[in-house]
Amino acid sequence: MKSDHHLILRVIAKTLLPLITIYAFYVQFHGEVSAGGAFQAGVVLAVAVILYALIFGLAEAMRAVPPWFARGLAAAGVLIYGGVGVWAMVQGGQYLEYQALFNEPPGGHNGQHTGIILVEIGVLFAVAGAMVSIFYALAGRVAEIRDEDW
């Protein structure tokens, strides 16, 4: 039987990962009324994937969250963010003018809330996908100098 000298780390990580993910979504959905928001939530969500990679290995993390998914998530986030702005312009408003989304008069709240939530989801996707993609790119590099040569 193979001994696992990282057993405690793995158990603690399996306990913390769902809590980190829940906290990321808490920051995301309370960002418009409290400190924090989509950027912070995206980083915290990426931290969950990075912690998983550090504890269970890069190959296992890439199986759980494939690099193509991380890149696609980042691209989808940019498209959502930009799409909300273009939607406002198509409706006759300025870029990211939320009241124009539903042709509301100034002071309308339906477009404001919908626009903010969509933009924050776009930022969450873009930041989380970009951070995980950057981590994969850097963690997967082969060292140019051997450890013995340092």
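Residues numbered from 1 in each chain as written. Predicted model: local features only at pLDDT ≥ 70, side-chain atom pairs only at ≥ 80, totals over all residues. Heavy atoms only, no water.

Chemist: Looking at this structure, I do not really get the overall build of the chain. What am I missing?
Modeler: Of the regular secondary structure elements, the chain holds 5 helices and 0 strands. Counting helices and strands in the order they occur from the N terminus, the chain gives α-α-α-α-α. With 150 residues in all, the chain has 33% of them scored as buried. The contacts of the chain with a sequence gap of at least 6 include a subset with a gap of at least 24, amounting to 58%. When the accessible surface of the chain is totalled, it reaches about 9,600 Å², and 69% of it is carbon and sulfur. (Helix = DSSP H or I, 4+ residues; strand = E, 2+ residues; numbered from the N terminus. Buried < 20%, exposed > 50% of the residue type's maximum accessible area, 1.4 Å probe, protein only. Contact = heavy atoms within 4.5 Å. Areas by Shrake-Rupley, 256 points an atom, 1.4 Å probe, with all protein chains shown as cover.)

Chemist: Would you mind showing me how to read the packing of helix 1 (residues 7-29) against helix 2 (residues 38-56) here?
Modeler: For any two helices packed against each other, the geometry comes down to the angle between their axes and how far apart the axes lie. Where helix 1 contacts helix 2, the axes come no closer than 8 Å and their chain directions differ by 170°. Between helix 1 and helix 2, the angle falls in the class roughly antiparallel. Between helix 1 and helix 2 lies a crossing of left-handed hand. Here Leu-9, Arg-10, Ala-13, Lys-14, Leu-17, Ile-20, Thr-21, Tyr-23, Ala-24, Phe-25, Val-27 and Gln-28 of helix 1 lie close against helix 2, whose contacting residues are Ala-38, Gln-40, Ala-41, Val-44, Leu-45, Ala-48, Leu-51, Tyr-52, Ile-55 and Phe-56. Along the lines of polarity and charge, the residues of the contact of helix 1 with helix 2 split into 17 nonpolar, 3 polar and 2 charged. (Axes fitted to C-alpha atoms, helices over the stretch in contact; angles between N-to-C directions. Parallel < 35°, antiparallel > 145°, perpendicular 65-115°, else oblique. Left-handed = near helix turned anticlockwise from the far one by under 90°. Nonpolar A, V, L, I, M, F, W, Y, C, P; charged D, E, K, R; others polar.)

Chemist: What am I meant to see in the packing of aromatic side chains here?
Modeler: Geometry of an aromatic ring pair is reported as the spacing of the ring centres plus the angle between the planes. A full pass over the atoms with the stated rule returns 6 aromatic pairs. Aromatic side chains Tyr-23 and Tyr-26 sit 6.3 Å apart centroid to centroid with 25° between the ring planes, which places their arrangement in the stacked category. You can see Tyr-23 and its partner Tyr-26 sitting in helix 1, 3 residues apart, about one turn around the helix. Here the aromatic rings of Trp-87 and Phe-102 are separated by 5.4 Å at their centres, their planes lie at 85°, and the arrangement is edge-to-face. (Phe/Tyr/Trp six-rings, centres within 6.5 Å; stacked < 30°, edge-to-face > 60°.)

Chemist: Looking at this structure, how should I read the packing of helix 2 against helix 5 (residues 110-139)?
Modeler: Relative orientation of the contacting elements helix 2 and helix 5 amounts to 35°, with a least axis distance of 7 Å. Where helix 2 crosses over helix 5, the two elements pack in a sense that is right-handed. Counted together, Ala-38, Phe-39, Ala-41, Gly-42, Val-43, Leu-45, Ala-46, Val-49, Ile-50 and Ala-53 of helix 2 and Glu-120, Val-123, Leu-124, Val-127, Ala-128, Met-131, Val-132, Phe-135 and Tyr-136 of helix 5 form the full contact between these two elements. For the contact of helix 2 with helix 5, a count of residues per class yields 17 nonpolar, 1 polar and 1 charged.

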